Amino acid sequence: MSQILLLVEQKENRRLLLEWLAVNYVVLLPTSTNEIDDLSQFNQPFGMGIIDGLALKRHWQWVAEKKQAEHPVTLPFLLITSRSDVGMATQFLWQTVDDLILAPIEKIELQARVEILLRSRQLSLTLKLSHDQLDRSLQTAQELNESKTSLLYMISHDVRNPLNFIIGTTQLLSKYKLKLTEDKKQELIDKTQAAAKGIDLLLDDVLLINRVESGKVAFCIIPLDLGSFCNQIVEEFQNSQKLKPENSQVALIFVNHSPSATACLEASLLRRILINLVSNAIKYSLPNTQVTLELKVTETEVVFSVEDAGIGIPAEDQKRLFEFFYRAKNVTRIPGTGLGLSIVKKCVDLHGGDITFTSTEGVGSKFTVTLPIAEVSSDRVSPATH
Ligand code: ATP
Ligand code: MG
């Protein structure tokens, strides 16, 4: 029911209005002497006001302030005045009211005006809501646009480096192909391939982010044998470690607390999560240290943790770690784009899971991912919700 504030000092009019209006509306009357003299004490919300000439002369400032406070939503005021007083109201007073009704008041006319004024308030409220909604959508669109533009700049930047390298090595190869030793040629070819692979991975990541952001990731949950899933990833990393000189290798160990565990998770997203975390742990480790991947499965969730004794993350960088392209100050010349953890975070979010980490600069880091196990029914598979 709409609330109407009645500021009518002429007693007979007040009584009459109260009687007519109370049937359909909640009528608010400043009661205490304090409130009548100083309306700043009156704090109840209302949808419109009815005021007479005497009250308007006393309270026009308060009325103007109230209306201003609700702007752009209309807070209508209806002035009750006698024919003889209409001419006396100053231009300024007119600006504070939205309509007037001449005394003696006709009940039907009063009802019509009140309804019209309440409707104008309702319309302005609806308009304000749609305006706010539009504002929010515009802001989201602008943010998305800005993030896409910066993504594009970063990609061009990160593609250009390996691309320049590829151009350089291939020029070397074609110019000096006769002078270069077989070993040197092979080294250049290997580095060229690695650079090309780097571009390929970067593009993969960018495309994945784009698909996740536009909600186009196919979520295909299947039961996974988690032990062998992790083992396979660990072996891939171990094999590539073996290609490095012995004094720069990092040992990767898999500790499985739940050997026979199976769980329903999205395999390709889980792979992204583990590969990014393990590759970070190895990349930011010192040679001859150890990285440990641990797996624990309970009835409701799967917990993966990846721990290293590497360079750690400075406290001041930790808050922004999951932002696109954010890299900590201490990465020095260790290569990277700063996309990996944003991808991990998105994949974890898609599972309805959680990622946390603890890290001390110069000591090491531990990242922990907790994923709820999906419920599998015979005809439908959906990620579990907490
Ligand atoms: P890439 O996109 O190639 O993965 P990146 O490794 O720099 O590049 P992220 O994986 O997103 O990017 O990691 C963001 C930053 O977080 C890193 O640049 C590094 O500063 C920090 N970081 C992440 N993992 C570790 C870790 N295990 N030890 C130390 N620092 C880390
Ligand atoms: Mg990384």
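See the structure shown above.
What comes next is a walk through the structure. Since the structure is predicted, the reported quantities are computational estimates derived from the model, not experimental observations.

Okay, the packing of helix α8 (residues 226-242) against helix α9 (residues 267-283) next. Axis separation between α8 and α9 bottoms out at 11 Å; the angle between their running directions is 40°. Our classification of the angle between α8 and α9 gives oblique. The two elements α8 and α9 meet at a crossing, and its hand is right-handed. On α9, the residues that touch Leu226, Phe229, Cys230, Ile233, Glu236, Phe237 and Gln241 of α8 are Ala267, Leu270, Arg271, Leu274, Ile275, Val278, Ser279 and Ile282. Grouping the amino acids of the contact of α8 with α9 by side-chain chemistry returns 11 nonpolar, 2 polar and 2 charged.

Side-chain pairing between opposite charges can occur once the charged atoms of the two side chains come close. Under the criterion given, the structure shown has 15 salt bridges. Residue Arg121 is joined to Glu70 by a salt bridge in which the shortest nitrogen-to-oxygen separation is 3.0 Å. Linking Arg121 in helix α6 (residues 107-175) with Glu70 in helix α3 (residues 53-70), this pair joins segments that are 51 residues apart in sequence. Judged by its relative accessible area of 28%, Glu70 is partly exposed. For Glu187, the salt bridge goes to Lys191, with nearest N and O atoms at 3.0 Å. Taken as a pair, Glu187 and Lys191 lie in helix α7 (residues 182-213) at a separation of 4 residues, close to a single helical turn. Here Lys191 falls in the partly exposed class, since its relative accessible area comes to 40%. Taken together, the shared-partner salt bridges connect Glu12, Arg15 and Glu19 into one network.

Every one of the 21 residues lining ligand 1 counts as a neighbour, but Asn280, Tyr284, Arg327, Thr337 and Leu341 are closest to it. At a separation of 2.8 Å, an oxygen atom of ligand 1 approaches a polar backbone atom of Leu339. Interatomic distance of 3.4 Å between a side-chain N/O atom of Ser365 and a nitrogen atom of ligand 1. With the chains in place, 94% of the 590 Å² that ligand 1 exposes on its own is no longer accessible. Broken down by secondary-structure element, the contributors of at least two residues to the shell around ligand 1 are α9, α11 (340-350) and β12 (364-372).

Moving on: the environment of Thr360. Within the secondary structure layout, Thr360 lies in strand β11 (residues 354-360). Residue classification places Thr360 among the partly exposed positions, given a relative accessible area of 46%. With 46 residues separating them along the chain, Thr360 and Pro314 place their C-alpha atoms 6.8 Å apart. Apart from residues no more than four positions distant in its own chain, Thr360 is found in contact with Ile311, Gly312 and Ile313.

Moving on to the sheet that holds strand β3 (residues 48-52). Spatially, the 5 strands line up as an open sheet ordered β2-β1-β3-β4-β5, and their pairing is parallel. Edge positions in the open sheet fall to β2 (26-28) and β5 (99-103), since each of these has one partner strand only. Taken over all neighbouring pairs, the strand axes of this sheet differ in orientation by 25° on average, direction set aside. Both strand β1 (residues 3-7) and β3 contribute to a ladder of 4 bridges, which runs parallel.

A word on unusual backbone geometry. The peptide bond linking His71 to Pro72 adopts the cis configuration, its omega dihedral lying at 10°. Examined against the element boundaries, Pro72 turns out to sit in the loop between α3 and β4 (77-82). That bond from Ala103 to Pro104 is cis: its omega, -5°, falls within 30 degrees of zero. For Pro104, the location among the structural elements is in the loop between β5 and α6. A positive phi angle is found at Asn288, which is not glycine, with a value near 65°. Among the structural elements, Asn288 can be located in the loop between α9 and β9 (290-297). Non-glycine residue Phe325 carries a positive phi angle of around 65°. Within the secondary structure, Phe325 sits in the loop between α10 (315-318) and α11. Classification of Phe325 as buried rests on a relative accessible area of 14%.

Time to look at the state of the cysteines. If you walk through the whole model with that rule in mind, you get 0 disulfides. The cysteine Cys230 is free of any disulfide, with Cys347 supplying the nearest cysteine sulfur at 15 Å. Cys230 gets classed as buried once you look at its relative accessible area, which sits at 0%. On the basis of relative accessible area, Cys347 is assigned to the buried category, the value being 0%.

Considering all chains together, one arrives at 6 aromatic pairs under this definition. Pairing Phe357 with Phe367 gives two aromatic rings, centres 5.0 Å apart and planes at 25°, and the pair type is stacked. Remark: Phe367 occurs in strand β12 and Phe357 occurs in strand β11; sequence separation between them is 10 residues. The class of Phe367 is buried, set by a relative accessible area of 8%. Through successive ring pairs, a cluster of aromatic residues spans Phe42, Phe46, Trp62 and Phe77.

What counts and what doesn't
- Residues numbered from 1 in each chain as written.
- Chains lettered and ligands numbered in written order.
- Predicted model: local features only at pLDDT ≥ 70, side-chain atom pairs only at ≥ 80, totals over all residues.
- Heavy atoms only, no water.
- Axes fitted to C-alpha atoms, helices over the stretch in contact; angles between N-to-C directions.
- Helix = DSSP H or I, 4+ residues; strand = E, 2+ residues; numbered from the N terminus.
- Parallel < 35°, antiparallel > 145°, perpendicular 65-115°, else oblique.
- Left-handed = near helix turned anticlockwise from the far one by under 90°.
- Contact = heavy atoms within 4.5 Å.
- Nonpolar A, V, L, I, M, F, W, Y, C, P; charged D, E, K, R; others polar.
- Salt bridge = Lys/Arg side-chain N within 4 Å of Asp/Glu carboxyl O.
- Buried < 20%, exposed > 50% of the residue type's maximum accessible area, 1.4 Å probe, protein only.
- Near = heavy atom within 4 Å.
- Polar contact = N/O pair within 3.5 Å; in protein donor to acceptor, adjacent residues only side chain to side chain.
- Areas by Shrake-Rupley, 256 points an atom, 1.4 Å probe, with all protein chains shown as cover.
- Pairing = 2+ DSSP bridges.
- Disulfide = S-S within 2.5 Å.
- Phe/Tyr/Trp six-rings, centres within 6.5 Å; stacked < 30°, edge-to-face > 60°.

Keep in mind that these numbers describe shape and distance, not what the molecule does.
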